[in-house]
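Structure assessment
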Amino acid sequence: MASQRTTEPRVKLYWLNESRAQRIVWLLEELGLPYDVEFFYRDGNMQAPPELRKIHPLGKSPIVTITLPDPADPTKQKEVVLAESGVIAQYLTEQFANGKTLLPKRYRDGQEGQPGGETDEWLRYQYYLQYPEGSLMPPLLVGLILQILKGPKIPFFIRPITSSVADKMSAAFLIPELIHHLDFLESQLETSPDNGNYLCGNDLTTADILMSFPLQLVRERGAAVHDARGKDRLADKYPKVYAYLKRLEEEPGYKRAEAKIKELEKRKGQTQTPRKYFS
C-alpha cells in the first residue's frame, strides 16, 4: 500500500548567525508552522559561506524553501525558494496566517475591493513590511561600515585617518539619520490605530516582527546618538520606541524562537552564539 501523502507544507529555513534570519524563526513560531533549520556561520571576514549560493544565487540569509503539493499536479511535490526577509515574511503570512492577527483586516466593512476602502491598520502594515529594509537598514549598514573603518581590520598606521573620516561621516550623516528615524517612529507609535501598542494597532503583526532587528541595531548605536543629544538618554527621549522594542522582545513567540535556535545549536554542538541583539 502506498504511504499516505500529507498536504502540510514542509518549511526549511537556512539560518545564518548575526543576520536577519532570526526574525523568520519568530514568524514561523507565530504561524505555528513546523519547520527545519539548517545552520550556517560567517567566516573570519564576516562573510556568509559559499554553500548558501547553492540554495539561492546571492547566498544571503534568510532563505526559505517550502515543499508542498504542486497545484498543477497534486500527486507531485513542488519546492518554492524564497529570499529577502520582506518577501519571505509576506508570503508566509499571506499563505499560512489562517485568520491570525499577524495580517490585519484589509477592507472596512461594506467597502471590500474598493480603492480607498482599506483599513488604517492594513495600510500601515503594507508600509511597515517595506520600511525596515527599505528605509531604516541602509543608514544602519553605513554605521557598520564606519565601525570597520575604526576597527582592528584597518592597519594601525592609517587607522587615525580612517577613524577621523568615520567620525565625520557619523556626525554629518549617520547620527542625524538615526535621530530622524527615531523621531518618526516615536510619532508613529503615538498615532497607532486605537491607541495600540504596536505599529499597526492593538495586535502584533508580521511588520512588527520585521521591525525588531533594525531597532535592536539602533539600540546598539545608541551611544553615538546619545552624544548628539547631549544629556538626554534615548530611553527618555524616545520612550514609546524603547517600550515598543522591549515589548517585542518580551513576546512569547520571540522567546520561543530564541530558545529554539539555542537548543538546536546545542544539539549540533555549535559553540558560536548570536550577538546580543538576539538575546
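Just so you know, these numbers come straight off a predicted model, no measurement behind them. Position labels on residues start from 1 in each chain and follow its written sequence. pLDDT decides what is reported in this predicted model: residues at 70 or higher carry local features, side-chain atom pairs at 80 or more are listed and counted, and totals for whole chains, interfaces and linings draw on all residues regardless. As a rule here, side-chain values cover all heavy atoms of the structure and leave hydrogens and water aside.

**Some details on a nonpolar patch on the surface**
The patch calculation keeps residues exceeding 30% relative accessible area without a salt bridge and links them within 9 Å when they carry like charges or within 5 Å when they are nonpolar (Val, Leu, Ile, Met, Phe, Trp, Tyr). Only the protein chains shown count as cover for residues, with accessible areas throughout obtained via the Shrake-Rupley method and a probe of 1.4 Å. Every case where a carboxyl oxygen of Asp or Glu lies within 4 Å of a side-chain nitrogen of Lys or Arg is listed as a salt bridge. A cluster of nonpolar side chains, contributed by Phe 156, Phe 157, Ile 158, Ile 161, Val 165 and Met 169, occupies part of the molecular surface with about 630 Å² of accessible area. Structurally, Ile 161 is set in helix H4 (residues 159–190). A run of H or I in DSSP counts as a helix once it spans at least four residues, and a run of E counts as a strand once it spans at least two, with each numbered from the N terminus.

**Some remarks on the packing of aromatic side chains**
Two aromatic rings, drawn from Phe, Tyr or Trp (for Trp, its six-membered ring), form a pair once their centres lie within 6.5 Å of each other, and the interplanar angle then sorts them: stacked below 30 degrees, edge-to-face above 60, tilted otherwise. One pass over the structure, following the stated rule, counts 11 aromatic pairs. Summarising the aromatic geometry, the rings of Trp 15 and Tyr 41 are spaced 5.9 Å apart at their centres and angled 70 degrees between planes, so their arrangement reads as edge-to-face. Of the two residues, Trp 15 is situated in strand E1 (residues 10–16) and Tyr 41 in the loop between strand E2 (35–40) and strand E3 (63–70); the sequence distance between them amounts to 26 residues. The class of Tyr 41 is buried, set by a relative accessible area of 13%. One aromatic cluster in this structure is built from Tyr 127, Tyr 128, Tyr 131 and Phe 184. To sit over a ring, a charge needs its Lys NZ or Arg CZ within 6 Å of the ring centre and within 35 degrees of the ring normal. Across from the ring centre of Tyr 35, 3.8 Å away, lies the NZ or CZ of Lys 260, which sits over that ring. Burial classes follow relative accessibility: with a 1.4 Å probe on protein chains only, a residue under 20% of its type's maximum area counts as buried, one over 50% as exposed, and anything between as partly exposed.

**Describing the pairing of strand E4 (residues 73–83)**
Summarising the sheet, E3 and E4 pair through eight bridges and their orientation is antiparallel. Counterpart to Ile 66 in the pairing with E4 is Val 80. When DSSP finds at least two bridges between two strands, those strands are taken to pair.

**A closer look at the environment of Ala 97**
Positionally, Ala 97 belongs in the loop between helix H2 (85–96) and helix H3 (120–149). The spatial distance from the C-alpha of Ala 97 to the C-alpha of Thr 206 is 9.8 Å, given a sequence separation of 109 residues. Every residue in contact with Ala 97, bar those within four places of it in the chain, is listed here: Leu 31 and Leu 92. Whether two residues are in contact is decided by their heavy atoms, any of which lying within 4.5 Å being enough.

**Points about the environment of Leu 199**
Positionally, Leu 199 belongs in the loop between H4 and helix H5 (206–220). For the pair formed by Leu 199 and Glu 186, sequence separation is 13 residues and the distance between their alpha carbons is 10.0 Å. Not counting the four nearest positions on each side in its chain, Leu 199 is found in contact with Arg 124, Tyr 128, Gln 188, Leu 189, Ser 192, Pro 193, Asp 208, Met 211 and Tyr 244.

**Structural notes on the pattern of salt bridges**
In total, this model carries 12 salt bridges according to the counting rule given. The closest approach of N and O atoms between Asp 73 and Lys 76, which form a salt bridge, is 3.9 Å. Among the ionic pairs, Glu 263 bridges to Arg 267, the shortest N-O distance being 3.3 Å. Here Arg 267 and Glu 263 lie together in helix H9 (residues 252–267), a separation of four residues that amounts to about one turn. The exposure class assigned to Glu 263 is partly exposed, which follows from its relative accessible area of 36%. If you follow the salt bridges from partner to partner, you end up with Arg 20, Arg 23 and Glu 133 in one network.

**Here's the deal with the nonpolar core**
Note on terminology: a nonpolar core comprises buried Ala, Val, Leu, Ile, Met, Phe, Trp, Tyr and Cys residues joined through side-chain atoms within 4.5 Å. Counting 64 residues, the largest nonpolar core has Trp 15, Leu 92 and Met 211 as the members making the most contacts within it. What Met 211 contacts, discounting residues up to four positions off in sequence, is Tyr 128, Tyr 131, Pro 132, Leu 136, Leu 185, Leu 199 and Tyr 244. Tyr 14, Leu 16, Leu 52 and Ile 63 belong to the second-largest nonpolar core, a separate cluster that totals five residues.

**Some words on the confidence of the model for the protein chain**
pLDDT expresses, on a scale from 0 to 100, how confident the predictor is about each individual residue. On average, residues of the protein chain score 88 in pLDDT, and 90% of them reach the 70 mark or higher. A low-confidence stretch, residues 1–6 stays under pLDDT 50, and its non-local contacts, those more than four residues away or across chains, total five contacts. In this model, residues 273–279 is a region of pLDDT below 50 whose contacts with residues beyond four sequence positions or in other chains number 21 contacts.

**Things to note about the side chain of Thr 93**
By the element assignment, Thr 93 lies in helix H2. Under this definition, polar contacts are N or O atom pairs within 3.5 Å; protein pairs additionally need one hydrogen-donor-capable and one acceptor-capable atom, and for neighbouring residues in sequence, both atoms have to be side-chain atoms. Among the polar contacts listed, one links the side chain of Thr 93 to the backbone oxygen of Ala 89, at a separation of 2.7 Å. With sequence-adjacent residues up to four places away left out, Thr 93 is seen in contact with Leu 27, Leu 31, Leu 102, Leu 103, Tyr 125 and Thr 206.

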